[in-house]
Amino acid sequence: MENEVLLKQLVRQVKILNFWVSLFGVLFLATLAITGFLMFEAVSYIRTSTQKITDFQTKTSQTLDVQNQACNNNSLKAYLQKAGYCQ
């Protein structure tokens, strides 16, 4: 009789323990999944931003290449060649 009461208490405690372990396990896995997704999004955002900055730098350097633009201009080319700026 005493063993049955003890057995019921142990089964009850194991069920409670199983509930808490399952709850925290699910919470841990959900947190891990959310963290992984957020890290993936952050890396994608950083990669996209880096590509946009690189494209912007390329376009800006091409736009600001005054010597090349002036040397390609037919009306200025002869004058700049005499001055030694264009070859």
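Whatever comes next refers back to the structure up there.
On a predicted model such as this, the values are computed, not experimentally measured, just so you know.

Participant: How would you sum up a nonpolar patch on the surface? Please name residues and give values.
Facilitator: Together, I16, F19, W20, L23, F24 and L27 make up a nonpolar patch on the protein surface, roughly 590 Å² of accessible area in all. Relative to the assigned elements, L23 resides in helix α1 (residues 2-63).

Participant: Could you give an account of the state of the cysteines, naming the residues involved and the relevant values?
Facilitator: With the rule as written, the count across this model stands at one disulfide. Across the disulfide from C71 sits C86; the S-S distance is 1.7 Å. Here C71 and C86 share a disulfide; its torsion about the S-S bond, -90 degrees, makes the bridge left-handed. Placement of the pair is C71 in helix α2 (residues 66-72) and C86 in the segment after α3 (74-83), with a sequence separation of 15 residues. Pair check on accessibility: C71 and C86 agree, each one buried.

Participant: Provide a residue-level description of the environment of N68, including the pertinent values.
Facilitator: Within the element layout of this structure, N68 appears in helix α2. Each C-alpha atom of the pair N68 and Y85 lies 9.8 Å from the other, and the pair is 17 residues apart in sequence.

Participant: How would you summarise the environment of A33 if you had to cite specific residues and measurements?
Facilitator: With respect to the helices and strands, A33 occurs in helix α1. For the pair A33 and F56, spaced 23 residues apart in the sequence, the C-alpha separation amounts to 34 Å.

The rules behind these values
Residues numbered from 1 in each chain as written. Predicted model: local features only at pLDDT ≥ 70, side-chain atom pairs only at ≥ 80, totals over all residues. Heavy atoms only, no water. Patch = residues over 30% accessible without salt bridge, like charges linked within 9 Å, V, L, I, M, F, W, Y side chains within 5 Å. Areas by Shrake-Rupley, 256 points an atom, 1.4 Å probe, with all protein chains shown as cover. Salt bridge = Lys/Arg side-chain N within 4 Å of Asp/Glu carboxyl O. Helix = DSSP H or I, 4+ residues; strand = E, 2+ residues; numbered from the N terminus. Disulfide = S-S within 2.5 Å. Buried < 20%, exposed > 50% of the residue type's maximum accessible area, 1.4 Å probe, protein only.

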